[in-house]
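Working through the structure, step by step
Next come the chains, spelled out residue by residue.
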Amino acid sequence: MIAHPMCATDCLPESNFRDLRLRTIFDCFKWDPQVQDSSVLAPFAITIPEKAWRELASMAERLAAETIAGEDRILSNTTLLSSLKLPRKLEKAIRCSTKIAAVPRVMRFDFHWTTEGWRISEVNSDVPGGFIEAQGFTGLVAEVFGLRTTGFPATAVARALIATADSAEPHVGFVHASAYTDDRQVMLFLARELEKLGGHAVLLDPSQIDWRREAAVARCSWFQGKLDALFRFFPAEWLPNLRRTCGWENYFANSHVQQCNPATALISQSKRFGILCPELRTLLPTWNSLLPPTHAVRKIDPRSADWVFKPALGRVGDGIGIAGITREKELREIHRSMSFFASEWVAQQRFQMIPVETPLGPQHVCLGVYTVNGLAAGIYGRCSASPIINHTARDVAVLLAADPQEVL
(Lines give C-alpha, C1' and ligand atoms only; values in the text may rest on other atoms or scores of the structure.)
Protein backbone atom coordinates (compact mmCIF):
# COMPACT_ATOMS: atom_id res chain seq x y z
CA MET A 1 0.00 0.00 0.00
CA ILE A 2 1.22 3.51 -0.83
CA ALA A 3 2.32 5.47 2.23
CA HIS A 4 -0.19 8.04 3.46
CA PRO A 5 0.90 11.50 2.23
CA MET A 6 -0.58 13.29 5.24
CA CYS A 7 0.62 13.40 8.84
CA ALA A 8 -0.66 15.18 11.93
CA THR A 9 1.46 17.28 14.24
CA ASP A 10 1.19 17.17 18.02
CA CYS A 11 -1.47 19.34 19.61
CA LEU A 12 -0.57 22.94 20.30
CA PRO A 13 -0.06 23.74 24.00
CA GLU A 14 -3.35 24.92 25.49
CA SER A 15 -2.10 28.46 26.11
CA ASN A 16 -0.82 28.78 22.52
CA PHE A 17 -4.05 27.46 21.10
CA ARG A 18 -6.14 29.80 23.23
CA ASP A 19 -4.13 32.78 21.96
CA LEU A 20 -4.34 31.51 18.37
CA ARG A 21 -8.12 31.10 18.67
CA LEU A 22 -8.52 34.69 19.88
CA ARG A 23 -6.33 36.00 17.06
CA THR A 24 -8.40 34.02 14.56
CA ILE A 25 -11.55 35.66 15.91
CA PHE A 26 -10.30 39.24 16.15
CA ASP A 27 -7.60 39.42 13.47
CA CYS A 28 -9.22 37.17 10.86
CA PHE A 29 -12.95 37.82 11.44
CA LYS A 30 -13.63 34.17 12.33
CA TRP A 31 -16.67 34.89 14.50
CA ASP A 32 -17.99 31.31 14.60
CA PRO A 33 -15.07 29.27 16.03
CA GLN A 34 -17.32 26.57 17.40
CA VAL A 35 -20.44 24.51 16.64
CA GLN A 36 -22.57 24.10 19.76
CA ASP A 37 -20.01 23.15 22.46
CA SER A 38 -17.27 21.95 20.10
CA SER A 39 -14.44 23.98 18.63
CA VAL A 40 -14.27 23.91 14.84
CA LEU A 41 -10.57 24.82 14.89
CA ALA A 42 -8.28 21.82 15.12
CA PRO A 43 -5.54 22.18 17.78
CA PHE A 44 -3.05 20.42 15.48
CA ALA A 45 -1.98 20.74 11.85
CA ILE A 46 -1.84 18.36 8.91
CA THR A 47 1.45 18.29 7.01
CA ILE A 48 2.09 17.12 3.47
CA PRO A 49 5.39 16.85 1.58
CA GLU A 50 6.22 19.41 -1.09
CA LYS A 51 5.98 16.62 -3.69
CA ALA A 52 2.40 15.80 -2.66
CA TRP A 53 1.45 19.48 -2.84
CA ARG A 54 2.91 19.77 -6.36
CA GLU A 55 0.90 16.71 -7.40
CA LEU A 56 -2.32 18.12 -5.94
CA ALA A 57 -1.69 21.51 -7.52
CA SER A 58 -1.08 19.94 -10.94
CA MET A 59 -4.26 17.87 -10.75
CA ALA A 60 -6.32 20.87 -9.58
CA GLU A 61 -5.03 23.05 -12.41
CA ARG A 62 -5.93 20.39 -14.99
CA LEU A 63 -9.35 20.01 -13.39
CA ALA A 64 -9.93 23.78 -13.52
CA ALA A 65 -9.15 23.96 -17.24
CA GLU A 66 -11.38 20.95 -17.93
CA THR A 67 -14.20 22.41 -15.83
CA ILE A 68 -14.35 25.53 -17.99
CA ALA A 69 -14.19 23.43 -21.16
CA GLY A 70 -17.02 21.24 -19.85
CA GLU A 71 -19.14 24.26 -18.92
CA ASP A 72 -18.66 25.75 -22.39
CA ARG A 73 -19.71 22.49 -24.07
CA ILE A 74 -22.83 22.19 -21.91
CA LEU A 75 -23.72 25.84 -22.52
CA SER A 76 -23.66 25.20 -26.27
CA ASN A 77 -25.73 21.99 -26.08
CA THR A 78 -29.34 22.29 -24.91
CA THR A 79 -29.67 18.51 -24.44
CA LEU A 80 -26.71 18.39 -22.08
CA LEU A 81 -27.96 21.45 -20.21
CA SER A 82 -31.41 19.89 -19.76
CA SER A 83 -29.85 16.75 -18.31
CA LEU A 84 -28.61 18.81 -15.33
CA LYS A 85 -32.27 19.10 -14.27
CA LEU A 86 -31.80 22.60 -12.89
CA PRO A 87 -34.82 24.51 -11.59
CA ARG A 88 -36.77 26.02 -14.50
CA LYS A 89 -35.87 29.68 -13.83
CA LEU A 90 -32.18 28.88 -13.53
CA GLU A 91 -32.10 26.80 -16.69
CA LYS A 92 -33.86 29.59 -18.57
CA ALA A 93 -31.34 32.15 -17.27
CA ILE A 94 -28.44 29.95 -18.32
CA ARG A 95 -29.95 29.44 -21.79
CA CYS A 96 -30.10 33.23 -22.16
CA SER A 97 -26.61 33.75 -20.72
CA THR A 98 -23.71 35.39 -22.46
CA LYS A 99 -20.02 34.64 -22.16
CA ILE A 100 -18.56 36.88 -19.45
CA ALA A 101 -14.97 37.26 -20.59
CA ALA A 102 -11.77 37.88 -18.63
CA VAL A 103 -13.34 37.28 -15.21
CA PRO A 104 -11.41 35.79 -12.32
CA ARG A 105 -12.54 32.18 -11.93
CA VAL A 106 -12.19 30.74 -8.44
CA MET A 107 -12.75 27.04 -7.74
CA ARG A 108 -12.06 24.63 -4.91
CA PHE A 109 -11.63 20.93 -5.58
CA ASP A 110 -12.17 18.58 -2.63
CA PHE A 111 -9.48 15.88 -2.56
CA HIS A 112 -9.44 12.77 -0.36
CA TRP A 113 -6.73 10.13 0.18
CA THR A 114 -8.23 6.70 -0.49
CA THR A 115 -7.22 3.08 -0.99
CA GLU A 116 -6.88 4.02 -4.68
CA GLY A 117 -4.81 7.15 -4.09
CA TRP A 118 -6.15 10.68 -4.56
CA ARG A 119 -9.82 11.04 -5.46
CA ILE A 120 -12.13 14.05 -5.64
CA SER A 121 -15.69 14.23 -4.40
CA GLU A 122 -16.77 17.52 -6.03
CA VAL A 123 -15.85 21.02 -7.10
CA ASN A 124 -17.06 24.20 -5.41
CA SER A 125 -17.11 26.37 -8.50
CA ASP A 126 -19.90 28.84 -7.74
CA VAL A 127 -19.18 30.49 -4.38
CA PRO A 128 -16.36 28.57 -2.69
CA GLY A 129 -15.66 29.63 0.89
CA GLY A 130 -13.04 28.76 3.49
CA PHE A 131 -10.72 31.71 2.81
CA ILE A 132 -10.44 32.75 6.45
CA GLU A 133 -9.48 29.25 7.53
CA ALA A 134 -7.22 28.50 4.56
CA GLN A 135 -5.23 31.74 4.81
CA GLY A 136 -5.86 33.50 8.13
CA PHE A 137 -6.09 30.59 10.56
CA THR A 138 -3.58 28.48 8.62
CA GLY A 139 -1.10 31.34 8.56
CA LEU A 140 -1.28 31.73 12.34
CA VAL A 141 -0.76 27.99 12.85
CA ALA A 142 2.18 28.05 10.43
CA GLU A 143 3.85 30.77 12.55
CA VAL A 144 3.57 28.63 15.68
CA PHE A 145 5.01 25.50 14.03
CA GLY A 146 7.57 27.34 11.93
CA LEU A 147 6.31 25.72 8.72
CA ARG A 148 5.18 27.06 5.34
CA THR A 149 1.64 27.22 4.01
CA THR A 150 0.64 25.94 0.57
CA GLY A 151 -0.49 29.37 -0.57
CA PHE A 152 -2.60 32.47 0.03
CA PRO A 153 -5.95 31.98 -1.72
CA ALA A 154 -7.59 35.18 -0.46
CA THR A 155 -4.65 37.28 -1.65
CA ALA A 156 -4.73 35.47 -5.01
CA VAL A 157 -8.41 36.35 -5.41
CA ALA A 158 -7.76 40.01 -4.53
CA ARG A 159 -4.92 40.23 -7.04
CA ALA A 160 -7.06 38.64 -9.75
CA LEU A 161 -9.90 41.09 -9.13
CA ILE A 162 -7.57 44.08 -9.39
CA ALA A 163 -5.85 42.70 -12.48
CA THR A 164 -9.19 42.17 -14.21
CA ALA A 165 -10.65 45.62 -13.56
CA ASP A 166 -9.97 48.56 -15.87
CA SER A 167 -9.03 50.88 -12.99
CA ALA A 168 -5.72 50.79 -11.12
CA GLU A 169 -7.65 51.30 -7.88
CA PRO A 170 -10.93 49.54 -8.67
CA HIS A 171 -14.11 49.63 -6.65
CA VAL A 172 -15.12 45.99 -6.18
CA GLY A 173 -18.59 45.06 -4.98
CA PHE A 174 -18.61 42.13 -2.55
CA VAL A 175 -22.16 40.86 -3.02
CA HIS A 176 -23.46 38.63 -0.23
CA ALA A 177 -26.38 37.84 2.02
CA SER A 178 -25.47 40.55 4.49
CA ALA A 179 -27.78 39.27 7.24
CA TYR A 180 -25.64 36.15 7.66
CA THR A 181 -22.59 36.68 9.86
CA ASP A 182 -20.81 33.63 8.42
CA ASP A 183 -21.01 35.25 4.96
CA ARG A 184 -20.18 38.72 6.24
CA GLN A 185 -16.97 37.57 7.91
CA VAL A 186 -15.67 36.07 4.65
CA MET A 187 -16.40 39.29 2.79
CA LEU A 188 -14.57 41.37 5.40
CA PHE A 189 -11.52 39.13 5.16
CA LEU A 190 -11.41 39.30 1.34
CA ALA A 191 -12.15 43.04 1.39
CA ARG A 192 -9.15 43.64 3.62
CA GLU A 193 -6.90 41.71 1.23
CA LEU A 194 -8.19 43.79 -1.69
CA GLU A 195 -7.59 47.06 0.14
CA LYS A 196 -4.04 46.03 1.04
CA LEU A 197 -3.40 45.93 -2.69
CA GLY A 198 -4.91 49.36 -3.35
CA GLY A 199 -8.47 48.40 -4.27
CA HIS A 200 -11.65 49.76 -2.72
CA ALA A 201 -14.11 47.23 -1.29
CA VAL A 202 -17.84 47.91 -1.29
CA LEU A 203 -19.80 45.42 0.82
CA LEU A 204 -23.43 45.20 -0.22
CA ASP A 205 -26.32 42.82 -0.87
CA PRO A 206 -27.90 42.07 -4.28
CA SER A 207 -30.73 44.58 -3.78
CA GLN A 208 -28.21 47.44 -3.60
CA ILE A 209 -27.03 47.18 -7.20
CA ASP A 210 -28.59 49.12 -10.06
CA TRP A 211 -27.95 47.11 -13.23
CA ARG A 212 -27.43 49.07 -16.41
CA ARG A 213 -26.54 47.80 -19.83
CA GLU A 214 -22.81 48.39 -19.46
CA ALA A 215 -22.38 48.84 -15.73
CA ALA A 216 -23.34 47.76 -12.24
CA VAL A 217 -23.90 50.79 -10.02
CA ALA A 218 -23.93 50.64 -6.24
CA ARG A 219 -26.83 52.45 -4.62
CA CYS A 220 -26.10 52.31 -0.91
CA SER A 221 -25.53 55.08 1.62
CA TRP A 222 -21.80 54.35 1.99
CA PHE A 223 -21.02 54.32 -1.75
CA GLN A 224 -22.75 55.63 -4.86
CA GLY A 225 -21.12 54.85 -8.15
CA LYS A 226 -19.96 52.38 -10.76
CA LEU A 227 -18.43 49.11 -9.60
CA ASP A 228 -15.42 47.98 -11.61
CA ALA A 229 -15.93 44.32 -10.70
CA LEU A 230 -18.17 42.09 -8.60
CA PHE A 231 -17.28 39.26 -6.28
CA ARG A 232 -20.47 37.27 -5.68
CA PHE A 233 -20.75 35.28 -2.45
CA PHE A 234 -24.44 34.61 -2.95
CA PRO A 235 -25.28 31.11 -4.25
CA ALA A 236 -26.57 31.16 -7.82
CA GLU A 237 -29.55 28.96 -6.95
CA TRP A 238 -30.72 31.65 -4.49
CA LEU A 239 -30.83 34.36 -7.18
CA PRO A 240 -34.39 33.64 -8.43
CA ASN A 241 -35.62 34.21 -4.85
CA LEU A 242 -34.70 37.88 -5.16
CA ARG A 243 -37.22 40.51 -6.22
CA ARG A 244 -37.44 41.00 -9.96
CA THR A 245 -36.27 44.59 -9.49
CA CYS A 246 -32.88 43.26 -8.31
CA GLY A 247 -32.11 42.27 -11.92
CA TRP A 248 -30.74 38.89 -10.84
CA GLU A 249 -30.59 37.63 -14.45
CA ASN A 250 -27.63 40.01 -14.98
CA TYR A 251 -25.41 37.64 -13.00
CA PHE A 252 -25.86 35.24 -15.92
CA ALA A 253 -26.08 37.60 -18.86
CA ASN A 254 -24.39 40.99 -18.34
CA SER A 255 -21.17 40.55 -20.30
CA HIS A 256 -20.08 44.16 -19.66
CA VAL A 257 -19.51 43.66 -15.92
CA GLN A 258 -16.56 41.67 -14.63
CA GLN A 259 -17.98 39.03 -12.30
CA CYS A 260 -16.32 36.50 -10.06
CA ASN A 261 -17.75 33.93 -10.45
CA PRO A 262 -20.28 34.22 -13.29
CA ALA A 263 -23.53 32.53 -12.27
CA THR A 264 -23.16 30.03 -15.11
CA ALA A 265 -20.66 28.32 -12.80
CA LEU A 266 -23.76 26.60 -11.44
CA ILE A 267 -23.34 24.13 -14.32
CA SER A 268 -20.30 22.52 -12.70
CA GLN A 269 -21.41 23.32 -9.15
CA SER A 270 -24.28 20.89 -9.65
CA LYS A 271 -23.31 17.35 -8.65
CA ARG A 272 -25.12 16.22 -11.80
CA PHE A 273 -22.10 17.55 -13.70
CA GLY A 274 -20.50 14.25 -12.66
CA ILE A 275 -23.20 12.30 -14.52
CA LEU A 276 -22.07 14.00 -17.74
CA CYS A 277 -18.35 13.36 -17.25
CA PRO A 278 -18.28 10.05 -19.19
CA GLU A 279 -20.15 11.67 -22.10
CA LEU A 280 -17.59 14.50 -22.13
CA ARG A 281 -14.65 12.17 -21.59
CA THR A 282 -12.43 13.71 -24.28
CA LEU A 283 -12.80 17.11 -22.58
CA LEU A 284 -12.61 15.83 -19.01
CA PRO A 285 -9.88 13.14 -18.73
CA THR A 286 -8.72 14.25 -15.27
CA TRP A 287 -12.30 14.48 -14.00
CA ASN A 288 -13.00 10.96 -15.21
CA SER A 289 -9.85 9.58 -13.57
CA LEU A 290 -10.46 11.21 -10.16
CA LEU A 291 -14.24 11.44 -9.70
CA PRO A 292 -16.04 8.22 -8.70
CA PRO A 293 -18.81 7.02 -11.05
CA THR A 294 -21.86 9.26 -10.60
CA HIS A 295 -25.39 8.27 -11.61
CA ALA A 296 -29.03 9.28 -11.37
CA VAL A 297 -30.46 7.92 -8.11
CA ARG A 298 -33.21 5.90 -9.80
CA LYS A 299 -30.55 3.50 -11.06
CA ILE A 300 -29.19 2.73 -7.58
CA ASP A 301 -30.53 0.76 -4.61
CA PRO A 302 -30.94 3.42 -1.89
CA ARG A 303 -30.13 0.83 0.80
CA SER A 304 -26.69 0.09 -0.66
CA ALA A 305 -23.71 1.09 1.49
CA ASP A 306 -21.58 1.22 -1.69
CA TRP A 307 -23.07 4.55 -2.74
CA VAL A 308 -23.15 8.10 -1.43
CA PHE A 309 -26.38 10.03 -2.04
CA LYS A 310 -25.96 13.79 -2.46
CA PRO A 311 -28.31 16.70 -3.15
CA ALA A 312 -27.37 18.02 -6.59
CA LEU A 313 -27.13 21.59 -5.31
CA GLY A 314 -26.00 20.72 -1.79
CA ARG A 315 -23.22 22.63 -0.06
CA VAL A 316 -20.82 22.14 2.89
CA GLY A 317 -21.52 18.40 2.94
CA ASP A 318 -25.05 18.73 4.34
CA GLY A 319 -27.81 16.34 3.31
CA ILE A 320 -25.45 13.49 2.40
CA GLY A 321 -26.73 9.96 2.90
CA ILE A 322 -24.56 6.87 3.39
CA ALA A 323 -26.10 3.66 4.69
CA GLY A 324 -24.49 2.71 7.98
CA ILE A 325 -23.02 6.22 8.48
CA THR A 326 -25.92 8.68 8.28
CA ARG A 327 -28.35 8.52 11.19
CA GLU A 328 -31.27 6.25 10.38
CA LYS A 329 -33.95 8.91 10.77
CA GLU A 330 -32.08 11.33 8.53
CA LEU A 331 -31.42 8.58 5.99
CA ARG A 332 -35.15 7.77 5.78
CA GLU A 333 -35.86 11.43 5.07
CA ILE A 334 -33.21 11.44 2.32
CA HIS A 335 -34.70 8.32 0.74
CA ARG A 336 -38.17 9.89 0.85
CA SER A 337 -36.88 13.03 -0.84
CA MET A 338 -35.10 10.98 -3.50
CA SER A 339 -38.29 9.06 -4.28
CA PHE A 340 -40.28 12.28 -4.86
CA PHE A 341 -37.55 14.56 -6.26
CA ALA A 342 -35.11 12.17 -7.93
CA SER A 343 -33.73 14.84 -10.28
CA GLU A 344 -32.49 16.85 -7.28
CA TRP A 345 -30.15 14.04 -6.16
CA VAL A 346 -27.19 12.04 -7.43
CA ALA A 347 -25.60 8.77 -6.41
CA GLN A 348 -21.80 8.68 -6.27
CA GLN A 349 -19.91 5.43 -5.86
CA ARG A 350 -18.32 5.38 -2.44
CA PHE A 351 -14.53 5.36 -2.11
CA GLN A 352 -12.67 4.13 0.93
CA MET A 353 -10.99 7.05 2.65
CA ILE A 354 -7.89 6.31 4.72
CA PRO A 355 -7.97 8.30 7.97
CA VAL A 356 -4.99 10.14 9.41
CA GLU A 357 -3.85 9.34 12.94
CA THR A 358 -4.12 12.53 14.97
CA PRO A 359 -4.02 13.54 18.64
CA LEU A 360 -7.83 13.35 18.52
CA GLY A 361 -7.83 9.84 17.06
CA PRO A 362 -8.29 8.78 13.42
CA GLN A 363 -9.62 11.65 11.29
CA HIS A 364 -10.90 11.69 7.72
CA VAL A 365 -9.27 14.67 6.02
CA CYS A 366 -10.58 16.66 3.06
CA LEU A 367 -8.12 18.91 1.23
CA GLY A 368 -9.92 21.66 -0.66
CA VAL A 369 -7.43 22.86 -3.29
CA TYR A 370 -8.16 26.34 -4.65
CA THR A 371 -7.45 27.48 -8.16
CA VAL A 372 -7.61 31.16 -9.12
CA ASN A 373 -7.65 31.77 -12.86
CA GLY A 374 -6.51 28.19 -13.31
CA LEU A 375 -3.52 28.31 -10.96
CA ALA A 376 -3.37 26.46 -7.63
CA ALA A 377 -3.51 28.93 -4.75
CA GLY A 378 -3.62 26.98 -1.47
CA ILE A 379 -5.55 24.43 0.59
CA TYR A 380 -8.56 24.58 2.89
CA GLY A 381 -8.33 21.60 5.25
CA ARG A 382 -11.20 19.97 7.15
CA CYS A 383 -11.24 16.83 9.22
CA SER A 384 -13.83 14.64 10.89
CA ALA A 385 -14.06 11.33 12.70
CA SER A 386 -16.87 10.51 10.25
CA PRO A 387 -16.38 9.94 6.51
CA ILE A 388 -19.07 12.60 6.02
CA ILE A 389 -17.31 15.94 6.23
CA ASN A 390 -19.95 18.62 6.75
CA HIS A 391 -20.53 21.79 8.79
CA THR A 392 -19.59 19.95 12.00
CA ALA A 393 -16.09 19.11 10.72
CA ARG A 394 -13.04 20.84 12.19
CA ASP A 395 -11.04 23.33 10.19
CA VAL A 396 -7.44 22.17 10.15
CA ALA A 397 -4.34 24.00 8.92
CA VAL A 398 -2.55 22.21 6.08
CA LEU A 399 1.19 22.96 6.03
CA LEU A 400 4.18 21.81 4.05
CA ALA A 401 6.27 19.25 5.90
CA ALA A 402 9.70 20.43 6.97
CA ASP A 403 12.56 19.59 4.62
CA PRO A 404 14.75 17.00 6.42
CA GLN A 405 17.85 19.05 5.56
CA GLU A 406 16.27 22.12 7.16
CA VAL A 407 15.67 20.15 10.34
CA LEU A 408 19.32 19.09 10.35
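It should be noted that the structure appears before, not after, this text.
Here is a short report on the structure shown in this document. Since the structure is predicted, the reported quantities are computational estimates derived from the model, not experimental observations. (Residues numbered from 1 in each chain as written. Predicted model: local features only at pLDDT ≥ 70, side-chain atom pairs only at ≥ 80, totals over all residues. Heavy atoms only, no water.)

Quick look at the nonpolar core
Here is the rule we go by: Residues belong to one nonpolar core when they are buried, are Ala, Val, Leu, Ile, Met, Phe, Trp, Tyr or Cys, and are joined through side-chain atoms within 4.5 Å. Using a 1.4 Å probe on the protein chains alone, a residue whose accessible area is under 20% of its type maximum counts as buried, one over 50% counts as exposed, and one in between counts as partly exposed. Each helix is a run of DSSP H or I of at least 4 residues and each strand a run of E of at least 2, with the numbering of both proceeding from the N terminus. Note on definitions: a residue-residue contact is assigned when non-hydrogen atoms from the two residues lie within 4.5 Å.
Leu56, Phe111 and Trp287 are the most contacted members of the largest nonpolar core, which totals 69 residues. Counting residues per element, this core draws most heavily on helix α2 (residues 50–75), which supplies nine residues. Leave out the neighbours within four places in its chain, and Phe111 touches Leu56, Met59, Ala60, Leu63, Trp118, Arg119, Ile120, Leu290, Val365, Cys366, Leu367 and Val369. The next biggest cluster of nonpolar side chains, apart from the first, holds 42 residues, and it includes Ile132, Ala134, Ala158 and Leu194.

Side note on the side chain of Glu71
Let me state the cut-off plainly: Pairs of N or O atoms are called polar contacts if they sit within 3.5 Å, as long as, within protein, a hydrogen donor faces a hydrogen acceptor (for residues adjacent in sequence, only side-chain-to-side-chain pairs).
Note on placement: Glu71 falls in helix α2. Classification of Glu71 as buried rests on a relative accessible area of 4%. Among the polar contacts listed, one links the side chain of Glu71 to the side chain of Ser268, at a separation of 2.6 Å. With near-sequence residues (within four places) excluded, Glu71 lies in contact with Arg105, Ser125, Ala265, Ile267, Ser268 and Phe273.

Some details on the environment of Val127
Here Val127 lies in the loop between β6 (117–124) and α5 (131–145). With 108 residues separating them along the chain, Val127 and Pro235 place their C-alpha atoms 6.1 Å apart. Ignoring anything within four residues of it in the chain, the contact list for Val127 reads Arg232, Phe233, Phe234, Pro235 and Arg315.

Some words on the sheet that holds strand β15 (residues 294–296)
Our working definition: Following DSSP output, two strands are said to pair if at least two bridges run between them. Orientation is described by axes fitted as lines to C-alpha atoms, over the contacting stretch for helices, and by angles from 0 to 180 degrees between their N-to-C directions.
Across the sheet, three strands lie side by side as β15-β17-β16; this open sheet has antiparallel pairing. Strands at the two margins of the open sheet, each flanked by one partner only, are β15 and β16 (307–311). Averaged over all neighbouring strand pairs, the angle between strand axes comes to 35°, with direction disregarded. Sheet topology note: the β16/strand β17 (residues 345–349) ladder contains five bridges and is antiparallel. In the strand pairing of β17, Val308 is matched with Gln348.

Notes on the packing of aromatic side chains
Test applied: Aromatic pairs are defined between Phe, Tyr and Trp rings, using the six-membered ring for Trp, whenever the two ring centres lie within 6.5 Å; interplanar angles under 30 degrees are classed as stacked, those over 60 as edge-to-face, and all others as tilted.
In total, this model carries twelve aromatic pairs according to the counting rule given. Here the aromatic rings of Phe111 and Trp118 are separated by 6.4 Å at their centres, their planes lie at 90°, and the arrangement is edge-to-face. Residue class for Trp118 comes out buried when judged on its relative accessible area of 5%. Through a chain of ring-to-ring contacts, three or more aromatic side chains come together here, namely Phe109, Phe273 and Trp287.

Describing helix α6 (residues 153–164)
Each α-helix turn comprises 3.6 residues. Residues three or four places apart therefore point the same way. Formally: In this scheme, a helix's expected span is set at 1.5 Å multiplied by one less than its residue total.
With twelve residues, α6 extends 16 Å between its outermost C-alpha atoms, agreeing within 8% with the 16 Å of an ideal straight helix rising 1.5 Å per residue. Buried residues dominate α6, accounting for nine of its twelve residues. Listing the buried residues of α6 in full gives Pro153, Ala154, Thr155, Val157, Ala158, Ala160, Leu161, Ile162 and Thr164.

A look at the sheet that holds strand β14 (residues 259–260)
Overall, parallel pairing links the four strands, which are arranged β9-β8-β13-β14 in an open sheet. Taken across any chain shown, the strands that pair with only one partner, and hence form the sheet edges, are β9 (200–204) and β14. Two elements, strand β13 (residues 229–233) and β14, share two bridges in a ladder whose sense is parallel. Note that in β14 the partner of Leu230 across the bridge is Gln259. This element, α6, spans β8 (171–176), β13 and β14 of the sheet and lies at about 145° to β13.

A few points about a positive patch on the surface
Under the convention used in this document: Think of a patch as exposed residues, more than 30% relative accessible area, with no salt bridge, where like charges cluster within 9 Å and nonpolar side chains (Val, Leu, Ile, Met, Phe, Trp, Tyr) cluster within 5 Å. For the accessible areas, the method is Shrake-Rupley and the probe is 1.4 Å, while residue cover comes only from the protein chains on display. The working definition used for a salt bridge is a side-chain nitrogen of Lys or Arg within 4 Å of a carboxyl oxygen of Asp or Glu. Under this rule, positive means Lys or Arg and negative means Asp or Glu; His and the chain ends count for nothing. The atom standing in for a charge is NZ when the residue is Lys, CZ when it is Arg, CG when it is Asp and CD when it is Glu.
A cluster of basic side chains, namely Arg327, Lys329, Arg332 and Arg336, defines a positive patch on the protein surface. Turning to its location among the elements, Arg336 is positioned in helix α12 (residues 328–340).

Some details on the packing of α6 against helix α7 (residues 181–196)
Where we set the bar: Here is the rule for angles: anything less than 35 degrees is roughly parallel, anything more than 145 is roughly antiparallel, 65 through 115 is roughly perpendicular, and the remaining ranges are oblique. Should the near helix be turned anticlockwise from the far one by less than a right angle, the crossing is left-handed, and should it be turned clockwise, the crossing is right-handed. Classification convention: Asp, Glu, Lys, Arg as charged; Ala, Val, Leu, Ile, Met, Phe, Trp, Tyr, Cys, Pro as nonpolar; all other residues, Gly among them, as polar.
Across the interface, α6 lies against α7 with an axial gap of 8 Å and an inter-helix angle of 55°. In terms of their interaxial angle, α6 and α7 are classed as oblique. For the pair α6 and α7, the crossing hand works out as right-handed. Where α6 approaches α7, its residues Ala154, Thr155, Val157, Ala158, Leu161 and Ile162 are matched on the opposing element by Phe189, Leu190, Glu193 and Leu194. Taken together, the residues that form the contact of α6 with α7 break down as eight nonpolar, one polar and one charged.

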